[in-house]
Amino acid sequence: MNIAIITARAGSKSIKNKNVYPVHGKPMIAYPIEAAKAARRIAKVYVSTDGLEIARVAEEMGCEIIWRPEELAGDHVNHGEVIKHAVEQADSPGLQNVVILLGNTVMIDAELIDEALRLLE
């Protein structure tokens, strides 16, 4: 089983609430969620976050939420530790591959995800 984990924290120094900032009429995080959900090789989509608004959008779009503990929220956090936590929390028996996407990446599509997994497999 392949899964996608989208990392999206609430506290951004550059643009407040950037992951839910509307881009062409939908929250920015909707783009990587839609791409992951449309990818044929992805079985489940998770969002790792510490933000209520991010979680609301992600849940409405059919994602499972992985809540970050306080020590993994904020500017000082190592992204690798966030990913490690999310993979450990993902309930995915038979896990083979994990695709990591950023919540503020709008230039991703299902075909690219599927092709990357095809090459990996």
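Structure's up top.
Computed from a prediction, not measured in an experiment: that's the story for all the values here.

J.: Help me understand the packing of aromatic side chains in this model?
T.: Remark: the centre distance and the inter-plane angle together describe each pair of aromatic rings, the angle taken between the planes. Within the structure shown, the criterion is met by zero aromatic pairs. One Lys or Arg, Lys26, reaches over the ring of Tyr31 and ends 4.6 Å from the middle of that ring.

J.: Got a minute to help me understand the sheet that holds strand 5 (residues 64-67) in this structure?
T.: What links the strands of a sheet is backbone hydrogen bonding, and the strands pair in either a parallel or an antiparallel sense. Spatially, the four strands line up as an open sheet ordered 5-4-1-6, and their pairing is parallel. At either end of the open sheet lies a strand with only one pairing partner, and these are strand 5 and strand 6 (97-102). Ignoring which end each strand starts from, the neighbouring axes of this sheet average 25 degrees apart. Relative to strand 4 (residues 44-49), strand 1 (residues 2-8) runs parallel, the two being bridged by six bridges. Pairing of Ala8 across the sheet is with Thr49, part of strand 4.

J.: I tried to follow the nonpolar core on my own but got confused; where do I start?
T.: A general tendency of soluble globular proteins is for nonpolar side chains to be buried together. Ranked by internal contacts, the top residues of the largest apolar core, which has 24 residues, are Ile29, Ile42, Val47 and Ile113. If you list the elements that add at least two residues to this core, you get strand 1, helix 1 (30-38), strand 4, helix 2 (52-60), strand 6 and helix 4 (110-120). Beyond its immediate stretch of four places on either side in the chain, Val47 contacts Ile6, Ile29, Ile33, Ile54, Ala58, Cys63, Glu64, Ile65 and Ile66. Residues Ile3, Ile66, Ala86 and Ala90 belong to the second largest nonpolar core, which totals six residues.

J.: What is the right way to look at the environment of Tyr21 in this model?
T.: Here Tyr21 is to be found in the loop between strand 1 and strand 2 (22-23). Accessibility expressed as a relative area gives 46% for Tyr21, which makes it partly exposed. Along the backbone, Tyr21 and Ala55 are 34 residues apart, and their C-alpha atoms lie at a distance of 14 Å. Residues in contact with Tyr21, not counting those within four places in the same chain, are Lys26, Pro27 and Met28.

Reading the values: the criteria
Numbers given for residues are sequential positions, taken from 1 along each chain in its written order. Per-residue local features are limited, in this predicted model, to residues with pLDDT of at least 70; the limit for side-chain atom pairs, both in listing and counting, is 80 or more; totals at the level of whole chains, interfaces and linings are taken over all residues. Hydrogens and water are ignored here; the side-chain numbers use all heavy atoms of the structure. Any two rings among Phe, Tyr and Trp, with Trp reduced to its six-membered ring, count as a pair given centres within 6.5 Å; such a pair is stacked if its planes are under 30 degrees apart, edge-to-face if over 60, and tilted if neither. Two limits define a charge over a ring: the Lys NZ or Arg CZ must be within 6 Å of the ring centre, and within 35 degrees of the ring normal. Following DSSP output, two strands are said to pair if at least two bridges run between them. Counting from the N terminus, the helices are the DSSP runs of H or I reaching at least four residues and the strands are the DSSP runs of E reaching at least two. Axis definition: a line fitted to C-alpha atoms, over the contacting stretch in the case of helices. Angles run 0 to 180 degrees between N-to-C directions. Residues grouped as a nonpolar core are buried Ala, Val, Leu, Ile, Met, Phe, Trp, Tyr and Cys residues, joined through side-chain atoms within 4.5 Å. Three exposure classes are used, based on accessible area relative to the maximum for each residue type with a 1.4 Å probe and protein chains only: buried under 20%, partly exposed in between, and exposed over 50%. Here a residue-residue contact requires only that any non-hydrogen atoms of the pair lie within 4.5 Å.

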